[in-house]
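Here's the letter readout for the chains.
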Amino acid sequence: MIELNKQTKIIYNNLISLLGDKFKENRDEINVSILAYHIDVINRCNKAMDELGTLVFISESGYRQKWADLSIIADSQKEILKISSLYGLSLKHEQQLNELASKEDFDLLDDEF
């Protein structure tokens, strides 16, 4: 199991509540831990950016560059979207999961997966 800090544990517990019946212990703990971690990363980066008061810094030569936190946020957002799709947390993915589950020939042990 991934070790979570205090804030990430709060996010993790909120996600479990949000997922409700979709969350299954021993199956989903790692994915939800990773999801909580990425949400916490974004929250911490947003806080750091607020403290800096700007999205870019200007080097001594005058070159403007975005803070690394923005790239970290973008990477975490991509991971959040990937994991969220596993749980149908967007309308599109929920519809896809519902269609898949409603098929009569749906078999979790099918070799296609």
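Everything that follows concerns the structure shown earlier in this document.
Below you will find a few notes about this structure. (Residues numbered from 1 in each chain as written. Predicted model: local features only at pLDDT ≥ 70, side-chain atom pairs only at ≥ 80, totals over all residues. Heavy atoms only, no water.)

### What about the packing of helix α1 (residues 6–19) against helix α2 (residues 29–52)?
The geometry of α1 relative to α2 is characterised by a closest axis approach of 8 Å and an angle of 125 degrees between their N-to-C directions. Our classification of the angle between α1 and α2 gives oblique. Pair α1 / α2 crosses with right-handed handedness. Contacts from Q7, T8, I11, Y12, L15, I16 and L19 in α1 reach E29, V32, S33, L35, A36, Y37, I39, D40 and N43 in α2. (Axes fitted to C-alpha atoms, helices over the stretch in contact; angles between N-to-C directions. Helix = DSSP H or I, 4+ residues; strand = E, 2+ residues; numbered from the N terminus. Parallel < 35°, antiparallel > 145°, perpendicular 65-115°, else oblique. Left-handed = near helix turned anticlockwise from the far one by under 90°. Contact = heavy atoms within 4.5 Å.)

### Examining the packing of α2 against helix α3 (residues 68–86)
As a packed pair, α2 and α3 sit with axes 9 Å apart at the nearest point and diverge in direction by 150 degrees. In terms of orientation, α2 lies roughly antiparallel with respect to α3. The crossing of α2 and α3 is left-handed. Across the interface between the two elements, N31, I34, L35, H38, I39, V41, I42, C45, N46, A48 and M49 of α2 pack against D69, L70, I72, I73, S76, Q77, E79, I80, I83, S84 and L86 of α3. Taken together, the residues of the contact of α2 with α3 break down into 14 nonpolar, six polar and two charged. (Nonpolar A, V, L, I, M, F, W, Y, C, P; charged D, E, K, R; others polar.)

### Quick look at the pattern of salt bridges
Per the stated rule, a full pass over the model turns up three salt bridges. D40 is the partner of R44 in a salt bridge, and the nearest nitrogen-oxygen pair spans 3.2 Å. Of the two residues, R44 and D40 both sit in helix α2, four residues apart, roughly one turn of that helix. Given a relative accessible area of 46%, R44 falls into the partly exposed group. The shortest N-O distance in the salt bridge between K82 and E79 comes to 3.3 Å. Remark: E79 and K82 occur in helix α3; sequence separation between them is three residues, near one turn of the helix. Note on E79: relative accessible area 27%, which makes it partly exposed. (Salt bridge = Lys/Arg side-chain N within 4 Å of Asp/Glu carboxyl O. Buried < 20%, exposed > 50% of the residue type's maximum accessible area, 1.4 Å probe, protein only.)

### With respect to the nonpolar core
Ranked by internal contacts, the top residues of the largest apolar core, which has 16 residues, are Y12, L15 and V32. Within the residue set of this core, elements represented by two or more residues are α1, α2 and α3. Looking at which element gives the most residues to this core, the answer is α2, with six residues. When neighbours within four sequence positions are excluded, L15 is seen to be in contact with V32, L35, A36 and I39. (Core = buried A, V, L, I, M, F, W, Y, C linked by side-chain atoms within 4.5 Å.)

### Regarding the side chain of D28
Inspection of the secondary structure puts D28 in the loop between α1 and α2. A relative accessible area of 3% means that D28 is categorised as buried. Only 2.7 Å separates the side chain of D28 from the backbone nitrogen of K24, close enough to count as a polar contact. Excluding residues that lie within four positions of it along the chain, D28 makes contacts with K22, F23 and Y87. (Polar contact = N/O pair within 3.5 Å; in protein donor to acceptor, adjacent residues only side chain to side chain.)

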